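Per-entry structural report
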Amino acid sequence: MPGQPREVTLMTAAPRWWSDAVIYQVYPRSFADGDGDGMGDLPGVIGRLDYLADLGVDAVWLSPFYVSPQKDAGYDVADYRDVDPMFGSLEDADRLIAEAHARHLKVIVDLVPNHTSDQHVWFQEALASPPGSPARERYIFRPGKGPGGEQPPNNWQSIFGGPAWTRIAGADDDETGGEWYLHLFDSSQPDLNWNNPEVHAEFEAILRFWLDRGVDGFRVDVAHGMVKAEGLPDWEGSVHMVGGEDEDRRAPFFDQEGVHEIYREWRRVLDEYEDRILVAEAWVHPLSRLFRYVRGDEMHQAFNFVFLSAGWDAAALHEAITDSLREAATVGATSTWVLSNHDTVRHASRFGLEFVPPHQRGIGPEDPQPDEALGLVRARAAALLELGLPGSAYVYQGDELGLPEHTTLAPEDRQDPAYFRTGGGEMGRDGCRVPLPWAAEEHAFGFGAGEDATPWLPQPERFRHYAVDRQSGDETSTLELYRTLLRLRAQHGFGRGEFAWHELNDPQEGFLAFTVTAESSDLQVLVNLGTQPVRVGPHEGTQVTSRRSALTDGHLVPDAAVWRITER
Ligand code: NOJ
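Residue numbers run consecutively from 1 along every chain, following the written order of its sequence. Only residues with pLDDT of at least 70 are given local features in this predicted model, and only at 80 or more are side-chain atom pairs given and counted; all residues enter the totals for whole chains, interfaces and linings. Excluded from the side-chain calculations are hydrogens and water; all other atoms, namely the structure's heavy atoms, are used.

**Some words on the overall build of the protein chain**
- For helices the rule is a DSSP run of H or I covering at least 4 residues; for strands it is a run of E covering at least 2, with both sets numbered from the N terminus onward. Of regular secondary structure, the protein chain possesses 15 helices and 24 strands.
- Relative to a compact globule of 568 residues, whose C-alpha radius of gyration would be 24 Å, the protein chain shows 24 Å and is just as compact.
- Based on the C-alpha atoms only, the size of the protein chain along its principal axes is roughly 85 × 55 × 50 Å.
- Exposure is judged per residue with a 1.4 Å probe applied to protein chains only, and the accessible area is read against the type maximum: over 50% gives exposed, under 20% gives buried, and values in between give partly exposed. Here the protein chain, with 568 residues, has 62% of them falling under the buried criterion.
- Should any heavy atoms of two residues lie within 4.5 Å, those residues are counted as being in contact. Taking the contacts inside the protein chain whose residues are at least 6 apart along the sequence as the reference set, 70% of them involve residues at least 24 apart.
- Per-residue and other accessible areas were derived by the Shrake-Rupley procedure at a 1.4 Å probe size, with only the shown protein chains allowed to occlude residues. About 21000 Å² of surface is accessible on the protein chain, with carbon and sulfur atoms providing 48% of the total.
- Positive: Lys, Arg. Negative: Asp, Glu. His and the chain ends are not part of the count. Charge positions come from single atoms, namely NZ of Lys, CZ of Arg, CG of Asp or CD of Glu. Mean positive and mean negative side-chain charge positions of the protein chain (49 and 92 charges, respectively) differ by 3 Å. Between the two quantities, the radius of gyration covers C-alpha atoms and the globule rule is 2.2 Å times the number of residues to the power 0.38.

**Notes on the site of the ligand**
- Surrounding the ligand, one finds 13 residues, the nearest of these being D72, D221, H342, D343 and R429.
- Two N or O atoms form a polar contact when they lie within 3.5 Å of each other; inside protein one atom must be a possible hydrogen donor and the other a possible acceptor, and for residues adjacent in sequence the pair counts only when both atoms belong to side chains. One nitrogen or oxygen atom from the side chain of D72 is found 2.6 Å from an oxygen atom belonging to the ligand.
- A distance of 2.8 Å separates an oxygen atom of the ligand from a polar side-chain atom of H342.
- Burial of the ligand by the protein chains amounts to 100% of its free accessible area of 300 Å². Any residue with a heavy atom positioned within 4 Å of a molecule or strand is treated as near that molecule or strand.

**Some thoughts on the side chain of Q459**
- Following the sequence through the fold, Q459 ends up in the loop between α13 (417-421) and α14 (468-471).
- At 3.1 Å, the side chain of Q459 forms a polar contact with the backbone oxygen of P435.
- From its side chain, Q459 meets the backbone oxygen of A444 in a polar contact 3.2 Å long.
- If we ignore the near neighbours within four places in the chain, the residues touching Q459 are H406, V434, P435, L436, P437, A444, F445 and F447.

**Brief notes about the nonpolar core**
- The term nonpolar core refers to a set of buried residues drawn from Ala, Val, Leu, Ile, Met, Phe, Trp, Tyr and Cys, joined through side-chain atoms within 4.5 Å. Of all hydrophobic cores here, the largest spans 164 residues; its most connected members are Y24, L52, F65, F218, Y263, W266 and W563.
- Note that the domain bounds were set by an automatic or database domain assignment. Residue assignment places this core across two domains, with domain 1 (17-116 + 197-471) and domain 2 (117-191) each supplying three or more.
- Ranked by size, the runner-up nonpolar core spans eleven residues in total, among them L504, A513, L526 and A560.

**With respect to the side chain of R489**
- Considering the arrangement of structural elements, one finds R489 in helix α15 (residues 478-492).
- Reaching out from R489, the side chain makes a polar contact with the backbone oxygen of D20 at a distance of 2.9 Å.
- There is a polar contact of 3.0 Å between the side chain of R489 and the backbone oxygen of L387.
- Discounting residues that sit within four places of it in the chain, R489 has contacts with D20, V22, L387, L389, G391, S392, A393, F494, G495 and W563.

**Quick notes on the pattern of salt bridges**
- Throughout this description, the term salt bridge denotes a Lys or Arg side-chain nitrogen within 4 Å of a carboxyl oxygen of Asp or Glu. Summed over the entire model, instances satisfying the criterion amount to 41 salt bridges.
- Here R268 and E261 are joined by a salt bridge, their closest N and O atoms 4.0 Å apart.
- Judged by its relative accessible area of 52%, R268 is exposed.
- Look at E261 and you get partly exposed, because its relative accessible area is 38%.
- It is possible to trace a salt-bridge network through shared partners that takes in E261, R264, R268, R295, D297 and E298.

**Structural notes on helix α7 (residues 259-270)**
- For α7, spanning twelve residues, the distance from its first C-alpha to its last is 17 Å, which sits close to the expected 16 Å at 1.5 Å a residue.
- For α7, the set of buried residues is V259, H260, I262, Y263, W266, R267, V269 and L270. Mapping the buried residues of α7 onto a view down its axis gives an arc of 165°, with all of them on the same face.
- Structurally, α7 contributes buried residues whose contacts are with β6 (106-111), α6 (197-212), β10 (217-220) and β13 (277-280). Here, expected helix span is obtained from the residue count minus one, scaled by 1.5 Å. Here the arc refers to the set of directions running from the helix axis out to each C-beta atom.

**Considering unusual backbone geometry**
- Of note, the bond from H285 into P286 is cis; its omega dihedral lies within 30 degrees of zero at 0°.
- With a phi angle near 45°, V222 is a residue other than glycine that sits in the positive phi range.
- If you trace the backbone, V222 turns up in the loop between β10 and β11 (239-240).
- The buried category is assigned to V222, whose relative accessible area is 2%.

**With respect to the sheet that holds strand β23 (residues 555-556)**
- At least two bridges found by DSSP between two strands is the condition for calling them paired. Spatial strand order, β20-β23-β22: three strands in an open sheet with antiparallel pairing. Of all the strands in the sheet, the pair left with one neighbour each is β20 (534-535) and β22 (551-552).
- Where β22 meets β23, two bridges bridge the pair, whose relative direction is antiparallel. What sits directly across from L551, in β23, is L556.

**Some details on the packing of aromatic side chains**
- Two rings belonging to Phe, Tyr or Trp (six-membered ring only in the last case) form a pair when the distance between their centres is within 6.5 Å. Interplanar angles under 30 degrees mark stacking, angles over 60 mark edge-to-face geometry, and anything in between is tilted. For the coordinates displayed, the defined rule picks out 34 aromatic pairs.
- Measuring from centroid to centroid gives 5.9 Å for F123 and F141, while their planes differ by 15°, and the two rings are stacked. In this pair, F123 is assigned in helix α5 (residues 121-127) and F141 in strand β7 (residues 141-142), connecting sequence segments 18 residues apart. F141 carries the same exposure label as F123, and that label is buried.

**Considering helix α4 (residues 90-102)**
- Over its 13 residues, α4 extends 18 Å from the first C-alpha to the last, a length consistent with the 18 Å expected when each residue adds 1.5 Å.
- The complete set of buried residues in α4 reads L90, D92, A93, L96, I97 and A100. Buried residues of α4 fall within an arc of 160° about the axis and therefore sit on the same side. Of the exposed residues in α4, the ones pointing more than 90 degrees away from its buried face are E91 and A102.
- Looking at the packing, one finds that the buried side of α4 touches α2 (42-47), α3 (49-55), β3 (59-62), β5 (79-83), β6 and α6.
- Looking one or two places after α4, you find H104, whose phi comes out positive at around 60°.

**Notes on the sheet that holds strand β9 (residues 180-182)**
- The three strands lie next to each other as β7-β9-β8, forming an open sheet whose pairing is antiparallel. With partners counted over all chains shown, the strands left at the sheet margins are β7 and β8 (165-167), one partner each.
- Bridging between β7 and β9 involves two bridges; their strand directions are antiparallel. Bridging across to β9, R142 finds its partner in W180.

**Observations regarding the environment of G497**
- Here G497 shows up in the loop between α15 and β17 (498-501).
- What makes G497 buried here is its relative accessible area of 1%.
- Sequence separation between G497 and D20 is 477 residues, and the spatial gap between their C-alpha atoms is 9.3 Å.

Dropping the structure here:
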């Protein structure tokens, strides 16, 4: 097999807790239900912290649990300083932080600064105030175009489908006849005006509110979207969640230079505290632009959606890994790695599809269905790839169970605004948000819903096979595989190791091979994404394989991976 040129990337950043952290995403609605009403909540999370500590992750990131009308599952925040009663109380949040810390788990909360809910007191005030008033200046209100201002101010489209502008009713004395407000997402999510110093001051206060309560960091929602180009110029392109823009032309509402100033401001606030981090959710490419968000005086991490979007494709993964490590090194950061989250089809299902449409959002009953068994063996191999890479890894709840997407949800069960705003043209993200199965034989698979309650999204029958209690203690299970990988990763410090492509690496033939040199051991990661067994020779020492019979006669079979550890 032809060898690839050997590249070595040195980690230049002084290791801090986040440099190599494995961060587990909790989607509070669907993790565990503490009060039995069918909706996950903070007491439910607290009850499962031992599970997370035992899994071996370093930190927990919680999707929003703030007061919200839940038009976008909590990404429409009405009060940034309180917990929605459906998730518990502020005391529960405090207890969660304390209990997590007692188990040496860091806590990252979600921050949604691009938009508020339309139920936020600021927006309500804006609606009740005249055009040009300070209350309107906190958002992006504009008069419409054309006779009577009946056309939206520009042609921008909402990321959830339909126009990005909604017109409000004008008062009798309102000469504009009713202004329009900008919402890059749902009409219930008006965009804030980040040219307004009051918005800056408010978010600094919100940061301090949660920092003072002891959180270890913030995952910043749509971190590339807060600043819009001067004059709000028309733009013909289209953008997709996670994927970003279709073309290389940047949207006038994404990745504008001004956003970086906001992160410099926030960084100064965080630096007054110890060891707190900012994580960018930014659909920005190429990677050289993404890593500008993690320059020394800005954020600490950015989700690596290029890696996530590479799919089960050796050449795309090879490029994503090479570019990420190179770009991370140029800014003195480490890279992150992520395979799934609450906005994407779960990778155990994506990897089981023959064809993955670009920017796929959801799978419906009429769509081609994934090959569940194939998806699972690949997802297990992908775990060895992701967790073998140096840097920080994100695990979405259920990844550790090999959990598939719910691909046959009925229209009446769907909740995602993207489904409704596209008239069902997009299935939306509900399929990856289904409540977790904890116990195979219990009501709602042990999610916690009381006998007379049903989970907020129905669980498919096949979730039974993935239940935590079925997998725990079974050496062949995906859960035990994750536990083993996380234990070895931490024990050897592979997350802080030095990366180099290995001579067996041959992405064009579907084979990835690299080594990670840690303090007193070497890790070799070999992943076969191709169609033929590949000769990898014998190994003395610890070996972890992604599936039974992965290694046959000195060959690594297709859709399999192996970790080979050599102590020095
Ligand atoms: C990104 C979040 O991950 C997604 O769930 C949400 O709908 C949008 N941002 C809007 O806040």
